[in-house]
Structures are given as C-alpha cells and as structure tokens.
Amino acid sequence: DFSGSTADRNGENVGILPGAFDERVAYTTHNAGATWTTVELTFGCRAVCSFGSTLFIVGMTDVSMETVSQVSHVAGLWTKPTKVPVEAQSCVAISANTMYVAGYNGDIAMTGNAGNSWKVLYSTFRNQEKFSTIINTRVPGRLYVFGADEPEGTGSVIPQVVATSTSGTNWYNLSWPFNNEEYAMAGAALCPGPVVVAGDGAGYIYTARDTAAVRWTQRFSGFSQNIQAVGCVGKTGVWLSQYNLGDGAVAMQVSTDSGRSFKRIDLTNTAVVPIKFVSFAANDSVIFASSTTNRGGGDRSMLLVTHDGGSHWVSPTGQT
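Residues numbered from 1 in each chain as written. Predicted model: local features only at pLDDT ≥ 70, side-chain atom pairs only at ≥ 80, totals over all residues. Heavy atoms only, no water.

## Some points on the confidence of the model for the chain
For step 1, the next point in the chain: Summing up the model confidence of the chain, the mean pLDDT is 83 and the portion of residues at 70 or higher is 87%.
For step 2, the next point in the chain: Contacts from residues 1-10, a stretch scored under 50 in pLDDT, to residues over four places away or in other chains number 42 contacts. (pLDDT = per-residue confidence, 0-100. Contact = heavy atoms within 4.5 Å.)

Next comes the structure, spelled out in structure tokens:
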C-alpha cells in the first residue's frame, strides 16, 4: 500500500489524489491512470487514502467547520458525508472498512465500518500537540503518527511521534533521537522494501528500513524549507516536493534507490506545487501528481503526469 496515494495492495489499478482545499475536488482513476474523473466535493479536501478498490476522502466544511468523510466502494458511487470527531489532517486505510485519521488538534480516531461511526483512540486534551501524518507499517497493528508539540509558554515547536502496536488500543510517545527542534514532520510514506520515509519542515529526510520501522536514519534532502509531499514511485522510487515561501521556487528530489540518494529537479512552472504522487505497477515510469498554486486563499489544483522522471509535467488526456 502506497500510503495516502494509491490502492495497490490487492493488485488494483485504483488511485486517488486530492485537489486544492479551496477548490473542493479530488481526482480518481480505476484503470491505472488511463482516464481520470474529477470528484466534486461539498467540503475542502484534507486527505485521501484507499484500500483495494475502496477510496476514502476526509475534509472540512466551509460553514460549520466540521470534519467529514466520504467513501466509495464502487467506482463513481460515493456515500453521503459523515461527521468525523477530529480535525483530520491525514488518513490511512488498512481494510475496505477500517480507516484511521490523525487530527490537527492532537486526536486520533478510527472507523471500522467505512465511516458510519467513529471512535476517538487518542486525545491529548490540549491544543499544543498537532498531528500531520499517520502511516501504517508492515507489522499488523503497528502505526505511526507524526506531528509537533508546542509546549505552552516555550515558543518552541518540537517534533512529536506517537506509535501503537495494538491497532490503536494503546499509544506511546516514540523516543525521537534526532535534533530537529523547531520543525515538525511534514509528510511520510510507506514504500516497498519495506521502507518508511518521512520529511520535516527543515528539509531533513528520515528513513526506516526494518519491517517494524524502529531504526531510523536522518539525512539532509537539500531543501532549505518545508517538504510538501513524500511519495513512493514504483518498487524503489521515493519522491519529495518542496515550495520555498521566500522566492516561490519549486523543486523536487527524486530517488531511484529507495531513498539512499536523491537528484534535485528544479521546476520552471512555479505556479503549481506537487502535493501528492502516485504510480501504478502496470507502468511505474509514468507518474501522476496533483498540484496546487499554494498561494493561500483561492488555491486551484491541477492533475499532472510526467513521463521523464519529473522534468516535465503535462495535464493527462482523458481528465474529466
């Protein structure tokens, strides 16, 4: 399962990519990207995840500011939005009915019936802890949640990682050995290998290559600012995207050896920033991405495809 981007676990050629939050759309495919459908939403998209042919979307309404989710078990057929009890920023699906979400307010919740009802599994009961990314591992029941802790009165932001080995029944703070205070985790992905890759706001990459993801290494990505997206491409690819708030420069880092080394690609079209990547086993040299203008209010998104490793991006044919 390429977390947050594509449903490839059961051999499906199904994928989902989020659009810009302000635009309230998502993009889906059921034929490995040959054609894509734009899903019009009644809420802003915060996260997408999938399992097999089942697709999940989590977002937030404009007026009531409630977090809601929608589910599709059959291509083109979506449930009505149901309320989610946390301000979800990320999701991961481990079956067609079971999904976990991590909330910006420091909460973690799960559903075992495709979003019909939810249970809060973890809550800090304070606003200082904020979660951004939840990810599963190859060990059943073991999940990680990456985020940040902002201790009251300190003015500092400390990376925060919590984990469970009991499918969410019990959670504990993971001892994070790296000195990257002031920068929160920005994204993570479970890649083939097994390889878990995470990125933070300072441009550092964290990689675990053991099945349980308990032994991590740190390296600098070459990005001076926040990593926007972390994605898995094919069997050995790891892709990162970055947007520099200072000068508007857009760049990517592409690895073809499971994150051991990276090549930087500067994108000349700075109007768009890749926010998710997805590839399919049928042709993993063709990479799809959703992008955003990333300019604040009124963002617009676009579905893009590259055939040359990310140097050039175009809108794919068949997008509806």
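## What about unusual backbone geometry?
For step 1, the next point in the chain: Despite not being glycine, Ala213 has its phi angle at roughly 55 degrees, a positive value.
For step 2, the next point in the chain: When you line up the elements, Ala213 lands in the loop between strand E19 (204-208) and strand E20 (216-220).
For step 3, the next point in the chain: Its identity as a non-glycine residue notwithstanding, Ser258 has a phi of 60 degrees, on the positive side.
For step 4, the next point in the chain: By the secondary structure assignment, Ser258 is in the loop between strand E23 (250-255) and strand E24 (263-267). (Helix = DSSP H or I, 4+ residues; strand = E, 2+ residues; numbered from the N terminus.)

## Side note on the packing of aromatic side chains
For step 1, the next point in the chain: Following the criterion strictly, the structure yields 10 aromatic pairs and no others.
For step 2, the next point in the chain: Relative to Phe288, the ring of Trp36 has its centre 5.2 Å away and its plane inclined at 55 degrees; by these criteria the two rings are tilted. Highlighted residues: Trp36 in the loop between strand E3 (25-29) and strand E4 (37-40) and Phe288 in strand E26 (residues 287-292), separated in sequence by 252 residues.
For step 3, the next point in the chain: Residue classification places Trp36 among the buried residues on the basis of a relative accessible area of 1%.
For step 4, the next point in the chain: Seen in terms of ring centroids, Tyr144 and Trp216 are 6.0 Å apart; in terms of plane orientation they differ by 85 degrees. Their pairing is edge-to-face. One end of the pair, Tyr144, is in strand E14 (residues 143-149); the other, Trp216, is in strand E20, and 72 residues separate them in sequence.
For step 5, the next point in the chain: The ring of Phe21 carries the charged tip of Arg46 above its face, separated from the ring centre by 4.1 Å. (Phe/Tyr/Trp six-rings, centres within 6.5 Å; stacked < 30°, edge-to-face > 60°. Buried < 20%, exposed > 50% of the residue type's maximum accessible area, 1.4 Å probe, protein only. Lys NZ or Arg CZ within 6 Å of the ring centre and 35° of its normal.)

## Digging into the pattern of salt bridges
For step 1, the next point in the chain: Tallying each qualifying case throughout the model produces two salt bridges.
For step 2, the next point in the chain: As a salt-bridge pair, Glu66 and Lys83 come within 3.5 Å of each other at their nearest N and O atoms. Taken as a pair, Glu66 in the loop between strand E6 (54-60) and strand E7 (67-72) and Lys83 in strand E8 (residues 82-84) lie far apart in primary sequence, 17 residues in all.
For step 3, the next point in the chain: Lys83 sits in the exposed class, given a relative accessible area of 55%.
For step 4, the next point in the chain: The residue Asp266 makes a salt bridge to Arg264 at a minimum N-O spacing of 3.0 Å. (Salt bridge = Lys/Arg side-chain N within 4 Å of Asp/Glu carboxyl O.)

## Notes on the sheet that holds E26
For step 1, the next point in the chain: Spatial strand order, E25-E26-E27: three strands in an open sheet with antiparallel pairing. The open sheet has two edge strands, strand E25 (273-278) and strand E27 (301-306), and neither has a second partner. Shown here is a sheet whose adjacent strand axes are inclined to one another by a mean of 30 degrees, direction ignored.
For step 2, the next point in the chain: The sheet contact formed by E26 and E27 spans six bridges and is antiparallel. In the strand pairing of E27, Phe288 is matched with Val305. (Pairing = 2+ DSSP bridges. Axes fitted to C-alpha atoms, helices over the stretch in contact; angles between N-to-C directions.)

## Digging into the sheet that holds strand E22 (residues 237-243)
For step 1, the next point in the chain: Judged by pairing direction, the sheet is antiparallel, and its four strands sit side by side in the order E21-E22-E23-E24 without closing on themselves. What marks the edges here is a single partner per strand, and that holds for strand E21 (227-233) and E24. The mean inter-strand angle of the sheet, taken between neighbouring strand axes irrespective of direction, is 20 degrees.
For step 2, the next point in the chain: Pairing analysis gives five bridges linking E23 to E24, with the strands arranged antiparallel. Residue pairing in the sheet places Met252 in a bridge with Ile265 of E24.

## What about the state of the cysteines?
For step 1, the next point in the chain: A full pass over the atoms with the stated rule returns two disulfides.
For step 2, the next point in the chain: The disulfide partner of Cys49 is Cys91, and the S-S distance across this bridge is 2.5 Å. Measuring handedness by torsion sign, the sulfur bridge of Cys49 and Cys91 sits at about -125 degrees and is left-handed. Of this pair, Cys49 sits in strand E5 (residues 44-51) while Cys91 sits in strand E9 (residues 88-93); the two residues are 42 residues apart in sequence, bridging distant segments of the chain.
For step 3, the next point in the chain: With a relative accessible area of 1%, Cys49 lands in the buried category.
For step 4, the next point in the chain: There is a disulfide in this structure between Cys191 and Cys232, and the S-S distance comes to 2.0 Å. (Disulfide = S-S within 2.5 Å.)

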